[in-house]
Amino acid sequence: MSETREWLVQWLRDAHAMEEQAETMLNGQLSRLESYPELRERINLHVDETKGQAARLRTCLEQLGEDTSTLKDAGGKLLAMAQSLSGVFAGDEVMKGSLASYTFEHMEIASYTILIAAAESLGEPEVARACEQNLREEEAMAEWLKNKLPATTEQFLARSESDSDNAKR
């Protein structure tokens, strides 16, 4: 196997672990997100998208005769669980979650941009197409979060004046 192909495989495994981490992180947010129904609904939709993204990456790896990395997937999930638990103790959990989600979306966007370039360079159009679909979904989620940050902030601040526990979730 060429070294450049090995990089593509490694990056696909990294991206799969990233999506496993994202699913765990998003589900952790959903389990406590009570006072922000619009945010909850969009995150729930993105959990489904994230599962589809992981499945597409698994298919890409299979097309290349490879498999996901159990170690990387488990590490990503453990990290996401720790991140999720840390939010429980924050008085502004919804804001910390919004910040983390927006940041994570941009890491995913960069990852898929790299994967598309690598797949195209190696003549793997199916891999490039799958990563382009994932990229479009991540860009849409990042844009949605960006557009909702001001309203979420205003809701949080208004709620925190009267009920800080209700405001944080």
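Residues numbered from 1 in each chain as written. Predicted model: local features only at pLDDT ≥ 70, side-chain atom pairs only at ≥ 80, totals over all residues. Heavy atoms only, no water.

K.L.:
Can you break down the packing of helix 2 (residues 37-63) against helix 4 (residues 93-121) residue by residue, with the values?
P.N.:
Closest axis-to-axis distance for the helix 2/helix 4 pair is 14 Å, and the angle between their directions is 30°. In terms of their interaxial angle, helix 2 and helix 4 are classed as roughly parallel. Read as a crossing pair, helix 2 and helix 4 show a hand that is left-handed. Counted together, L39, H46, Q53 and L57 of helix 2 and V94, S98, E105 and Y112 of helix 4 form the full contact between these two elements. Split by residue class, the contact of helix 2 with helix 4 holds four nonpolar, three polar and one charged. (Axes fitted to C-alpha atoms, helices over the stretch in contact; angles between N-to-C directions. Helix = DSSP H or I, 4+ residues; strand = E, 2+ residues; numbered from the N terminus. Parallel < 35°, antiparallel > 145°, perpendicular 65-115°, else oblique. Left-handed = near helix turned anticlockwise from the far one by under 90°. Contact = heavy atoms within 4.5 Å. Nonpolar A, V, L, I, M, F, W, Y, C, P; charged D, E, K, R; others polar.)

K.L.:
Could you give me a rundown of the environment of G52, with the residues and numbers involved?
P.N.:
Counting through the fold element by element, G52 comes out in helix 2. Residue G52 is classed as partly exposed on the basis of its relative accessible area, which comes to 24%. (Buried < 20%, exposed > 50% of the residue type's maximum accessible area, 1.4 Å probe, protein only.)

K.L.:
Report on the environment of M18, specifying residues and quantitative values.
P.N.:
Note on placement: M18 falls in helix 1 (residues 3-32). C-alpha separation for the pair M18 and E108, spaced 90 residues apart in sequence, amounts to 7.6 Å. Residue contacts for M18: discarding those within four places in its chain leaves F104, M107, E108, S111 and Y112.

K.L.:
Before we move on, could you go through the environment of M141 and cite the residues and values that matter?
P.N.:
Considering the arrangement of structural elements, one finds M141 in helix 5 (residues 125-162). Among the residues examined, M141 registers a relative accessible area of 1% and is labelled buried. In this structure the C-alpha to C-alpha distance between M141 and S101, which are 40 residues apart in sequence, comes to 9.2 Å.

K.L.:
Break down the pattern of salt bridges for me, citing the residues and quoting the values.
P.N.:
Applying the stated criterion to the full structure yields seven salt bridges. When the shortest N-O distance is used, the salt bridge between E137 and R56 registers 2.9 Å. With a gap of 81 residues between them, E137 in helix 5 and R56 in helix 2 connect regions that are remote in the sequence. Taking the relative accessible area as the measure of exposure, R56 reaches 18% and is therefore buried. For the salt bridge of D92 with K96, the shortest nitrogen-to-oxygen distance reads 2.8 Å. (Salt bridge = Lys/Arg side-chain N within 4 Å of Asp/Glu carboxyl O.)

K.L.:
Give a description of a nonpolar patch on the surface that names residues and reports values.
P.N.:
On the surface, a nonpolar cluster with roughly 280 Å² of combined accessible area is contributed by W7, W11 and I114. Among the structural elements, I114 can be located in helix 4. Overall, I114 belongs to the partly exposed group, its relative accessible area being 46%. (Patch = residues over 30% accessible without salt bridge, like charges linked within 9 Å, V, L, I, M, F, W, Y side chains within 5 Å. Areas by Shrake-Rupley, 256 points an atom, 1.4 Å probe, with all protein chains shown as cover.)

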